[in-house]
Amino acid sequence: MMQKIRSDIRHVDAQILAAVRQQSNSGSKAKEDLAAATQAIKELMNKIREIKVKAEQSETMVQEICRDIKKLDFAKKHITTTVTALHRLAMLVSAVEQLQQLTSKRQYKEAAGQLEAVNQLCSHFEAYRDIPKISELREKFKNIKQALKSLVFSDFSSLGTARLKEDTNLMQQLADACLVVDALEPSVKEELIKTVCSKEITAYQQIFEGTEVAKLDKAERRYAWIKRQLRANEEIWQIFPSSWRVPYLLCIQFCKVTRAQLTDILDGLKEKPDVGALLQALQRTLEFEEELAERFGAGTGRGKDGESDTEELDGDLEHESRSAAEIRKKYEKQLPARDRKGTQHSHGSGEARELSAYGAGFNFRGIISSCFEQHLAVYVELEEKTLMDNLEKLVQVFLIIKRSLKRCSALTRNQTLFNLFKVFQRILRAYAGKLSARLPRGGTGIVATATGTDQIKCY
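Quick summary incoming for the structure in this document. (Residues numbered from 1 in each chain as written. Predicted model: local features only at pLDDT ≥ 70, side-chain atom pairs only at ≥ 80, totals over all residues. Heavy atoms only, no water.)

## Observations regarding the overall build of the chain
- On a plain count of helices and strands, the chain comes out with 14 helices and 2 strands.
- Classification of the 459 residues of the chain by burial places 30% in the buried group.
- A fraction of 75% describes how many contacts in the chain between residues 6 or more apart in sequence connect residues 24 or more apart.
- Summing over all exposed atoms, the chain offers an accessible surface of approximately 30100 Å²; the carbon and sulfur share of this is 55%. (Helix = DSSP H or I, 4+ residues; strand = E, 2+ residues; numbered from the N terminus. Buried < 20%, exposed > 50% of the residue type's maximum accessible area, 1.4 Å probe, protein only. Contact = heavy atoms within 4.5 Å. Areas by Shrake-Rupley, 256 points an atom, 1.4 Å probe, with all protein chains shown as cover.)

Here is the structure:
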């Protein structure tokens, strides 16, 4: 047993000795490995420094190369811009010279196209307008445009003469001149249209201002005159582009001048105007305004609304058997819809008035006839006198009122209609008094009179 234990001890000692020897060898090897690793790290750091230096050198080289490329790129861009500008400048010089030649020869059609080309070329030199050569060209172009304008206006002075109707070449020349006017500033077109219209209006004023025909009972001659002018000039005015709307603008100017002249005539009357002549002039004026509105398009017609209202009035008066409560109930239902329609119409008319004269928003209805409004008191007095004279004819009073309302609503729906409404109030009060005088008195359940009012209820 002891022998076995000694043997195991010797074996363990041998293993311990081997382990100690092995550990001693491993420690020295670890030191060698650590030293090797430290050396490797130093070498790696050196290589990293070398790479960083080379990268910095490469970046510097790339920046120098790119700097040269940018310089070349900018140089190319400037050269291209310069070449383009010189090319456009040569085109501008050539175009201005050609335009000057076309102007001197009155070749308006070709000059119109050349004008647009020069305008486009000039827009490229806005940034160079301080350069002497560019300033010189712009000034020359401005003088050419002024010369063109003068030539065009000079040629249009023959408009309306017998020579124009005989010379078809002159008409074509004027049509080409309109192309030049379109190519010039918009103010030139407006000035030309104003000149053409003013020429017609001047002739109109010479005929109907301070002469025998400048009277209220001859108002329809004014409208016949403008209609003749429109028909006579219809073929000639085809030289104007349709977008210019020359007849439309002439009629607007005619209406304004006519309104001013009729206002002077009405204000200058020393006595009350003859009702017949006044109403006839107003009726012809309304018809003329309606014709213009239909011809040039001015929205919903007044006549249509008037017809519908009159038809409703006819229906109510023809069905007199219906009670007042039924009629009131009917109109209470219609009132909200009419209010909405009136609101929309007022907004629409406001927007239309803001449109320019070249648009379709000008409303011819009322442009002349409104000047009659403050002079229609004599008409209201005549209607009141007629109703008073027929008040004894109790059965016909409402029929006369109906006819009077239709006449007035066909002429005007402004203050005069309201004044007529007040007349109807007075007539109906007088009518009620007549009825009250004819009714038997002292009966029971026959008549009930509202105390302190003019209301009379018949059972």
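## Looking at the packing of helix α12 (residues 377-389) against helix α14 (residues 415-438)
- Close contact between α12 and α14 brings their axes to 10 Å; oriented N to C, the two are set at 20°. In terms of orientation, α12 lies roughly parallel with respect to α14. At the point where α12 passes α14, the crossing takes the right-handed sense. Between α12 and α14, the residues in contact are Y379, V380, E383, E384, L387 and M388 and T416, N419, L420, V423, F424, R426 and I427, respectively.
- In terms of residue class, the contact of α12 with α14 is made up of 8 nonpolar, 2 polar and 3 charged. (Axes fitted to C-alpha atoms, helices over the stretch in contact; angles between N-to-C directions. Parallel < 35°, antiparallel > 145°, perpendicular 65-115°, else oblique. Left-handed = near helix turned anticlockwise from the far one by under 90°. Nonpolar A, V, L, I, M, F, W, Y, C, P; charged D, E, K, R; others polar.)

## Observations regarding the side chain of T412
- Along the polypeptide, T412 turns up in the loop between α13 (397-411) and α14.
- Looking at T412, the relative accessible area reads 6%, which means it is buried.
- A polar side-chain atom of T412 sits 2.7 Å from a polar atom in the side chain of E373. (Polar contact = N/O pair within 3.5 Å; in protein donor to acceptor, adjacent residues only side chain to side chain.)

## Comments concerning the packing of aromatic side chains
- Throughout the structure, instances matching the rule amount to 14 aromatic pairs.
- When the centroid spacing of 5.2 Å and the interplanar angle of 40° are considered together, the rings of Y204 and F208 count as tilted. Here Y204 and its partner F208 are both found in helix α6 (residues 186-208), 4 residues apart, which amounts to about one turn of the helix. As far as the burial class goes, Y204 and F208 line up, both buried.
- These aromatic residues form a ring-pair network of at least three members: Y204, F208, Y223, W225, F254 and F288. (Phe/Tyr/Trp six-rings, centres within 6.5 Å; stacked < 30°, edge-to-face > 60°.)

## Remarks on the nonpolar core
- The biggest cluster of nonpolar side chains holds 93 residues, and the ones touching the most others in it are F156 and F240.
- Ranked by residue count, the leading element in this core is helix α8 (residues 246-267), at 12 residues. (Core = buried A, V, L, I, M, F, W, Y, C linked by side-chain atoms within 4.5 Å.)

## Some points on the environment of Q415
- As for its placement among the helices and strands, Q415 is situated in helix α14.
- C-alpha separation for the pair Q415 and L376, spaced 39 residues apart in sequence, amounts to 9.3 Å.

## Section: the side chain of T103
- Along the chain, the position of T103 falls in helix α1 (residues 2-104).
- Classification of T103 as buried rests on a relative accessible area of 6%.
- A distance of 2.7 Å separates a polar atom in the side chain of T103 from the backbone oxygen of L99.

## A closer look at the pattern of salt bridges
- Applying the stated criterion to the full structure yields 15 salt bridges.
- Of the charged contacts, one joins K227 and E291 as a salt bridge, the two residues approaching to 2.9 Å between their closest N and O atoms. On the criterion of sequence distance, the pair formed by K227 in helix α7 (residues 219-232) and E291 in helix α9 (residues 275-296) is long-range, its members being 64 residues apart.
- You can call K227 partly exposed: its relative accessible area is 27%.
- Between D389 and K385 there is a salt bridge whose closest N-O contact spans 3.2 Å. Of this pair, D389 and K385 both sit in helix α12, separated by 4 residues, roughly a single helical turn.
- Of the residues examined, D389 reaches a relative accessible area of 49% and is grouped as partly exposed.
- Among the charged side chains, a salt-bridge network with shared partners connects E126, R129 and R138. (Salt bridge = Lys/Arg side-chain N within 4 Å of Asp/Glu carboxyl O.)

## Quick word on helix α3 (residues 132-156)
- Spanning 25 residues, α3 covers 36 Å between terminal C-alpha atoms, matching the ideal 36 Å at 1.5 Å per step.
- Listed in full, the buried residues belonging to α3 are I134, L137, F141, I144, K145, L148, L151, V152, F153, D155 and F156. (Expected span 1.5 Å × (residues − 1).)

## Here we look at the environment of E384
- Among the structural elements, E384 can be located in helix α12.
- Separated by 20 residues in the primary sequence, E384 and S404 place their C-alpha atoms 9.5 Å from one another.

## Overview of α14
- Over its 24 residues, α14 runs 35 Å from end to end, which matches the ideal 34 Å to within 8%, given 1.5 Å per residue.
- When α14 is considered as a whole, its buried residues turn out to be T416, L420, V423, F424, I427, Y431 and A432.

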